[in-house]
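As a plain string of letters, each chain reads:
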Amino acid sequence: MNNIKNTSLLRATCSANDDAIAILNPANGDVLTHIPLISVSDIHKYIERSVLAQKQWQSTTAAERSVILQRWYELMLENSDDLARIMTLEQGKPLAEAKGEVMYGASFVQWFAEEGKRTYGDTIPSPSSSKRLATIKQPVGVAAAITPWNFPIAMITRKAAPALAAGCSFIVKPANQTPLSAYATAELAYQAGLPRDLLIVINHHSSVVIGDVLCEHPDIKKLSFTGSTGVGSQLLKQCASTLKRTSMELGGNAPFIVFDDANIDDAVKGAIASKFRNAGQTCVCANRFYIHDAIYDTFVEKFTQAVSELRIGNGLEPGVSIGPLIDERAKHDVLSYIDNAVSQGATIHYGGDSLDGLFVTPTVLTQVSQEMDIVQTELFGPIAPLIRFYDDEELLTHANDTIYGLASYFYTQSIHRALQIAEKLEFGMVGINEGLISNEVAPFGGVKHSGFGREGAKQGIDEYMNIKYLCFGGY
Ligand code: SIN
């Protein structure tokens, strides 16, 4: 962990012992450091502290909370080089991409520092002359989150910032692969003046045990989860016993459609950005490509050329655009998806190689058809399956033929087609002539088995607030 200038960002680390987990660098398998694990009784103590802290926090003004969040945002920017380096070391993504994620993560803190001041209620025209009606919004209480390894900072701030701005306290369980970014980001919040009990990072030997406690504890009023549909569905069942509010940002299977009238160079650029961001390990990654027959050969040629220019390697090295996969299991899964597609008739047009360590070459598959397993699987890796299509109606049926409904993308130069297709795609987000759609001001979230709730945007803070209706009688 050398070259981290602000060593206070590593305060939470410890030396190797039985109650610590080793944090590995996926680029070379090195042990970076260790993180202490806590017991179940400690988790309960943290929850008690979080309850007390929240009661005080909710009585501060939105403006007071905003000042602390704004300072947190500034500290994230001031420490962005260190945060990015920590992220690349534990997660593997290229340094420039990690820096991009730090800025993306910080943008949620800045956005909600402002949005916290705009949690308006309503006055409601009364149906009765003797009554006056209004609503106010109030924080839900203690909010908890379980966050993934693919965006170790942004998926925390996208939840923590609205929660804190709303007047909630926040407990987060980051992924065991990437807790350093979580602790470092929290440390900056404390340095910004946030009381420690308002933002608590916890880790335990077993994610399942933490999930049990967070879902079933009556004092936790809200759970926000980003991760797989399978785990999300399990957590939802567990949250039922305490009727907890939940937000679920789950799996995706994004279609990336290129119509015959598309600007092919733009489509190739968007396809590379959408598919290979974070080595294909994002929920919104283009997962299957539908290319119109009339432009299929040209697209394949240009896309393959662009893929061949991607440089694989340790994300700390200059010029690297694709880092390692997160762990052995991820690599095994990616290779088995490729093998399975080939066994069902697909052709490896480019890549498909297993390299040393956790690296897999970016892969272009052709001769792919709708019936193949790869079309229905969330790939979470650098594989681009290309499907030829002929007809818009059939294309739409195929694009919507998935349990998932998170992101989708298409390229066309026809405004008429753009509106029609955008309305008919059964996904929470649609990129039109654009492969990168995420930012702090837009509502991020899915439909169908991709979950529910919206993060970022003006809607994101409502996930952490209850509406209270006030009826004034006696007029
Ligand atoms: C995700 O993959 O879970 C989030 C991606 C994003 O915020 O763009």
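Going by the annotation in an unreviewed UniProt entry, the name recorded for the protein chain is NAD-dependent succinate-semialdehyde dehydrogenase, with Vibrio zhugei given as the source organism. You can read under Sequence similarities (unreviewed entry) in the UniProt record for the protein chain the words "Belongs to the aldehyde dehydrogenase family."

Asks: What exactly am I supposed to notice about the overall build of the protein chain here?
Replies: From N to C terminus, the protein chain includes 14 helices and 18 strands. By the compact-globule yardstick of 23 Å for 475 residues, the protein chain fits well, its C-alpha radius of gyration being 23 Å. Structurally, the protein chain occupies a C-alpha span of about 70 × 65 × 40 Å along its principal axes. The proportion of buried residues among the 475 residues of the protein chain is 56%. Looking at the protein chain alone, contacts between residues at least 24 apart form 71% of all its contacts between residues at least 6 apart. Counting only carbon and sulfur atoms, one obtains 52% of the accessible surface of the protein chain, whose full area is about 19,100 Å². Charge separation in the protein chain, taken as the distance between the mean sites of 39 positive and 52 negative side-chain charges, equals 10 Å.

Asks: Which parts of the structure should I look at to understand the pattern of salt bridges?
Replies: A side chain of one charge can pair with a side chain of the opposite charge when the charged atoms of the two come close. Taken as a whole and judged by the stated rule, the model has 24 salt bridges. One salt bridge in this structure joins glutamate 317 and arginine 311, with 3.5 Å as the shortest N-O distance. Arginine 311 sits in the partly exposed class, given a relative accessible area of 39%. Each of Glu114, Glu115, Lys117 and Arg118 takes part in salt bridges that share partners, so that together they form one network.

Asks: Explanation requested: the site of the ligand in the structure shown.
Replies: The immediate surroundings of the ligand are formed by 13 residues, with Tyr104, Arg158, Arg277, Cys283 and Ser438 found nearest. Separating an oxygen atom of the ligand from a side-chain N or O atom of tyrosine 104 is a distance of 2.7 Å. Arginine 277 places a polar side-chain atom, nitrogen or oxygen, 3.0 Å from an oxygen atom of the ligand.

Asks: Explain helix α2 (residues 62-78) here, please?
Replies: Because the α-helix completes a turn every 3.6 residues, residues three or four places apart line up on one side. Over its 17 residues, α2 runs 24 Å from end to end, which matches the ideal 24 Å to within 8%, given 1.5 Å per residue. Taken together, the buried positions of α2 are Arg65, Ser66, Ile68, Leu69, Trp72, Tyr73, Leu75 and Met76.

Asks: What is the right way to read the sheet that holds strand β3 (residues 123-124) from this model?
Replies: On the basis of which strands lie adjacent, the open sheet formed by 3 strands has the order β3-β4-β18 and antiparallel pairing. Taken across any chain shown, the strands that pair with only one partner, and hence form the sheet edges, are β3 and β18 (465-472). The pairing of strand β4 (residues 132-139) with β18 spans 8 bridges and is antiparallel. Across the sheet, arginine 132 pairs through a bridge with phenylalanine 472, a residue of β18.

Asks: Please explain the sheet that holds strand β5 (residues 142-146) as it appears in this structure.
Replies: Whether parallel or antiparallel, the strands of a sheet pair through hydrogen bonds between backbone atoms. Overall, mixed pairing links the 6 strands, which are arranged β7-β6-β5-β8-β9-β17 in an open sheet. Because the sheet does not close on itself, it has two edges, and the strands there are β7 (199-201) and β17 (451-452). Sheet topology places strand β9 (residues 245-249) next to β17; 2 bridges connect them, and they run antiparallel. Within β17, the residue paired with glutamate 249 across the bridge is glycine 451. Of the strands in this sheet, β5, β6 (169-173), β7 and β8 (220-226) touch helix α1 (residues 40-57), which is tilted by about 150 degrees from β6.

Asks: What is the right way to look at the pairing of β8 in this model?
Replies: Remember that side chains alternate between the two faces of the sheet whenever the strand is regular. When you tally the buried positions in β8, you get 6 out of 7 residues, the bulk of the element. Where β5 lies against β8, 5 bridges are found, and the strand directions are parallel. Bridged to alanine 145 within β8 is serine 224. Both β8 and β9 contribute to a ladder of 5 bridges, which runs parallel. Directly across from phenylalanine 225, in β9, lies its bridge partner methionine 248. Viewed along the sheet, the connection from β8 through helix α8 (residues 229-239) into β9 turns out right-handed.

Criteria and cut-off values
Residue numbering note: each chain is counted from 1, following its sequence as written. Where local features are concerned, this predicted model is filtered to residues with pLDDT of at least 70; where side-chain atom pairs are given and counted, the filter is 80 or more; whole-chain, interface and lining totals use all residues. Values shown for side chains rest on all heavy atoms present in the structure; no hydrogens or waters enter the calculation. UniProt positions are given in the numbering used here, feature names are shortened, and annotations may be inferred rather than shown by experiment. Numbering of helices and strands runs from the N terminus, with a helix taken as a DSSP run of H or I at least four residues long and a strand as a DSSP run of E at least two residues long. Here the globule rule reads 2.2 Å times residues to the power 0.38, and the radius of gyration is calculated from C-alpha atoms. Only protein chains enter the accessibility calculation, which uses a 1.4 Å probe; a residue is then buried when its area is under 20% of its type maximum, exposed when over 50%, and partly exposed in between. It only takes one pair of heavy atoms within 4.5 Å for two residues to be counted as in contact. To be clear on the numbers: accessible area is Shrake-Rupley with a 1.4 Å probe, and residue cover counts the displayed protein chains and nothing else. Charged residues are defined narrowly, with Lys and Arg counted positive, Asp and Glu counted negative, and His plus the chain ends left uncounted. Charge placement uses NZ in Lys and CZ in Arg. For Asp and Glu, CG and CD serve respectively. By definition here, a salt bridge exists when the distance from a side-chain nitrogen of Lys or Arg to a carboxyl oxygen of Asp or Glu is within 4 Å. Residue proximity to a molecule or strand is established when one non-hydrogen atom of the residue lies within 4 Å of it. Two N or O atoms count as a polar contact when they lie within 3.5 Å, although within protein this holds only if one can serve as hydrogen donor and the other as acceptor, and sequence-adjacent residues are included solely when both atoms are side-chain atoms. In this analysis, the expected span of each helix is defined as 1.5 Å times one less than the number of residues it contains. Pairing between two strands requires that DSSP report at least two bridges joining them. Only the stretch in contact is used when fitting a helix axis, every axis being a line fitted to C-alpha atoms; angles between N-to-C directions are given from 0 to 180 degrees. Look down the strands so they point away from you; if going from the first strand over the helix to the second traces a clockwise path, that crossover is right-handed.

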